[in-house]
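Take a look at the letters that make up each chain.
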Amino acid sequence: MPRERLSVVVTRRLPEVVETRLSELFDVRLREDDAPMSREELVEAARGADVLVPTLTDAIDANFLARCGDRLKLIANYGAGVDHIDVATARQRGILVSNTPGVLTDDTADMTMALILAVTRRLPEGMAVMQKGEWHGWSPTAFLGGRLGGRRLGILGMGRIGQAVARRARAFGMQIHYHNRRRLRPEIEEEHEATWWESLDQMVARMDVISVNCPSTPSTFHLMNARRLKLMKPTAVIVNTSRGEVIDENALTRMIRAGEIAGAGLDVYERGAQVNPRLRQLPNVVLLPHMGSATVEGRIEMGEKVIINIKTFEDGHRPPDLVLPSML
Ligand code: DGY
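Residues numbered from 1 in each chain as written. Predicted model: local features only at pLDDT ≥ 70, side-chain atom pairs only at ≥ 80, totals over all residues. Heavy atoms only, no water.

### Thoughts on the domain arrangement of the chain
The condition that has to hold: Note that domain bounds follow an automatic or database assignment of domains. Residue contacts are defined here by distance: any two heavy atoms, one from each residue, within 4.5 Å place the two residues in contact. We define buried area as the total accessible area lost by two parts upon association, computed with a 1.4 Å probe and summed across both. Salt bridge, as applied in this entry: a Lys or Arg side-chain nitrogen positioned within 4 Å of an Asp or Glu carboxyl oxygen. In the analysis that follows, any N or O atom pair within 3.5 Å is treated as a polar contact, provided that within protein one partner can donate a hydrogen and the other can accept it, and provided that, for residues neighboring in sequence, both atoms belong to side chains.
Entries for the chain in the domain assignment read domain 1 (7-103 + 295-327) and domain 2 (105-287). The straight-line distance from the C-alpha centre of domain 1 to that of domain 2 is 31 Å. Contact residues are listed per partner, giving nine residues for domain 1 and six residues for domain 2. Counting each side, the surface lost to burial between domain 1 and domain 2 is near 590 Å², with a carbon and sulfur contribution of 36%. Of all residues in domain 1, D83, G102 and T295 give up the largest surface area on contact with domain 2, accounting jointly for 59% of the area buried on that side. For the interface between domain 1 and domain 2, the tally reads one salt bridge. The partner of D83 in a salt bridge is R243, and the shortest N-O contact between them spans 3.1 Å. At the boundary of domain 1 with domain 2, the tally comes to three residue pairs in polar contact (both at pLDDT 80 or more).

Structure (structure tokens):
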């Protein structure tokens, strides 16, 4: 007798090929529109499912997990970051959590470089002048930015993405420095010609560019708080393609406005889409709508990972991208 198919609920629209493949393999409930589900819709949907495929816009917290019934057995997150999921509580309730690491590394690192370049070479200011039709020709002293070559880049979080940023930044001639919970193995440090700083404070005080590439966890919340931001050189800039919560956004805004930090390139924000309005008014700040991993290829590969995780689970094995509370 054919086995009953797993019931899978997907909370957002995914690329068509991914949705098609999910429908071929599972008894899947897809979204008609792309708006995030309300809390009640999400609870209702999860109650009738074996597998939930959420994204970072769904809060899978203890309260949600307590209300979603006993059927749910796997949360196959469409995304690498799992800061919106209470992994420990899920585990206690016998629900596995998987994610999609690796496939968005290069895209996010590319975007980090794009932000570093955009801020240091003043791309938005140049674009604004062109869009307004206010450019009157070349000038030796206009739009002077800083040369990347020789600048010190301090990478906060030297995991997959941090290392991919290091590789790119070296090609631009930057000097690589990093702070990480654990020091990298000597051969990896050598590969990146990277200098490890045990003290984040000391690293921050000496860098020209800071790149935030660590995940959001309770221990990285406001790692770049007002005190630490104050340590930055007034000529330095900061970019963040990880999670907004790592930087105290209000303190950053105040300091850029006061000229205490030279600029910022941000793809993520502390309060999601509620971006500090003052930040939006600053010419030396480049803001993007959380699009670091937004490539067609990346989104499809994320879907493939989700499918492999569900399929492996269905076959009675441990999903390859299982997230354990001890990993966070
Ligand atoms: C993730 O997968 O966590 C990314 O932030 C999505 O862009």
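From this point, things continue past the structure.
### Digging into the pairing of strand β1 (residues 7-10)
Using the following cut-off: Exposed residues in this analysis have more than 50% of their type's maximum accessible area, buried residues have under 20%, and partly exposed residues fall in between, with area computed by a 1.4 Å probe over protein chains only. Secondary structure elements follow DSSP: runs of H or I no shorter than four residues count as helices, runs of E no shorter than two count as strands, and numbering proceeds from the N terminus. Strand pairing is assigned whenever DSSP detects at least two bridges linking the two strands. By convention, orient the strands away from the viewer: a clockwise path from the first strand over the helix to the second makes the crossover right-handed.
Alternating positions in β1 separate into two faces, S7 and V9 on one and V8 and V10 on the other, with burial throughout. With three bridges connecting them, β1 and strand β2 (residues 27-29) associate as parallel partners. Bridge pairing in β2 places V9 opposite R29. Considered for its hand, the β-α-β crossover made up of β1, helix α1 (residues 16-25) and β2 is right-handed. Here β1 runs beside strand β3 (residues 51-53); their pairing, made up of three bridges, is parallel. Counted as the bridge partner of V9 is L52 from β3.

### As for the pairing of strand β7 (residues 175-179)
Counting buried positions along β7 yields four of five residues, so the element is predominantly enclosed. Pairing of strand β6 (residues 152-156) with β7 involves five bridges; the strand directions are parallel. Among the inter-strand pairings, I155 is bridged to a residue of β7, identified as Y178. For the handedness criterion, the β-α-β arrangement of β6, helix α7 (residues 160-171) and β7 is classed as right-handed. Pairing of β7 with strand β8 (residues 194-196), which is carried by three bridges, proceeds in the parallel orientation. Bridge pairing links H177 to T195 in β8. Read as a crossover between parallel neighbours, the route from β7 over helix α8 (residues 186-192) to β8 is right-handed.

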